[in-house]
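Inside the fold
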Amino acid sequence: MLHNPGKRLHSDDVTWRNARVDFRHMFNGDYHFDGETFVEGRKLITDGVSSVKASIKRGNFEAARQKLGDILHTLQDFYSHSNWIELGNRFPNSNLIRSDVSDIGPVAG
Ligand SMILES: [Zn+2]
């Protein structure tokens, strides 16, 4: 792939926004699934998925990539800050990205 040195790679939008969540939302537990904020964290993800889809429909791919970075952070933190893995789960929790399902299972922080 050719890279224009004067222009950031598109994946940089995702990476930057993912990292930014830790300082922009440092004290908002729901962005990190801290303090048992499973309902709120899941809503950030499902709302974010809707926002990504809407941005793509409008052709605003930069906004879509940025929101994707935001929600990937929260999605990753679910696995870091819950006992999902310790419970023996071997697969991702697909209910985290489904707006039609509210139960994400018997997890704890
Ligand atoms: Zn975090």
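Residues numbered from 1 in each chain as written. Predicted model: local features only at pLDDT ≥ 70, side-chain atom pairs only at ≥ 80, totals over all residues.

1. Thoughts on the overall build of the protein chain
So the rule is basically this: The way it works is that DSSP assigns letters per residue, a run of H or I at least four long becomes a helix, a run of E at least two long becomes a strand, and they are numbered from the N terminus. Three exposure classes are used, all based on how many other C-beta atoms lie within 10 Å of a residue's own C-beta (placed from the backbone): buried at 20 or more, exposed at 12 or fewer, and partly exposed between those limits. Contact between two residues is assigned whenever their backbone-derived C-beta positions fall within 7 Å.
Within the protein chain, the regular secondary structure consists of three helices and zero strands. Along the protein chain, helices and strands appear, N-terminal first, in the series α-α-α. Counting only C-alpha atoms, the protein chain reaches 45 × 30 × 25 Å along its principal axes. Burial analysis of the protein chain (109 residues in total) assigns 23% to the buried set. A sequence separation of at least 24 residues applies to 60% of the contacts in the protein chain between residues at least 6 apart.

2. Concerning helix H3 (residues 61-81)
What counts is decided by this rule: Take the residue count of a helix, subtract one, and multiply by 1.5 Å to get its expected span.
Taking 1.5 Å per residue, 21 residues should reach 30 Å; H3 reaches 30 Å between its end C-alpha atoms and fits that length. If you check which residues of H3 are buried, you get Ala64, Arg65, Lys67, Leu68, Gly69, Asp70, Ile71, His73, Thr74, Leu75, Phe78 and His81. Check the buried side of H3 and you find it contacts helix H1 (10-24) and helix H2 (38-58).

3. Things to note about H2
Taking 1.5 Å as the rise per residue, H2 with 21 residues should run 30 Å; its terminal C-alpha atoms sit 30 Å apart, in good agreement. Of the residues flanking the end of H2, it is Gly59, one or two places downstream, whose phi is positive at about 80 degrees.

4. Section: the confidence of the model for the protein chain
The line we're drawing: Every residue is assigned a pLDDT by the predictor, reflecting its confidence on a scale from 0 to 100.
On average, the protein chain scores 90 in pLDDT, and the residues at 70 or more come to 94%. Across the protein chain, element-level confidence peaks in H3 with a mean pLDDT of 96 and bottoms out in H1 with 91.

5. Observations concerning the UniProt feature "domain: VWA7 N-terminal" (unreviewed entry) in the protein chain
To keep things clear, this is the line we draw: UniProt positions are given in the numbering used here, feature names are shortened, and annotations may be inferred rather than shown by experiment.
Within this structure's numbering, the places UniProt gives as "domain: VWA7 N-terminal" (unreviewed entry) are residues 13-108. Segment residues 13-108 splits into 56% helix and 0% strand. End C-alpha atoms: 31 Å apart.

6. A closer look at the nonpolar core
What tends to happen in soluble globular proteins is that the nonpolar side chains get buried as a cluster. Inclusion rule: Nonpolar core, as used here: buried Ala, Val, Leu, Ile, Met, Phe, Trp, Tyr and Cys residues forming one set through C-beta atoms within 7 Å.
Grouped together as the largest cluster of nonpolar side chains are 13 residues, with contacts concentrated most on Leu44, Ile45, Ile71, Leu75, Phe78 and Leu96. Secondary-structure elements contributing two or more residues to this core are H2 and H3. Here the element with the most residues in this core is H3; it accounts for five residues.

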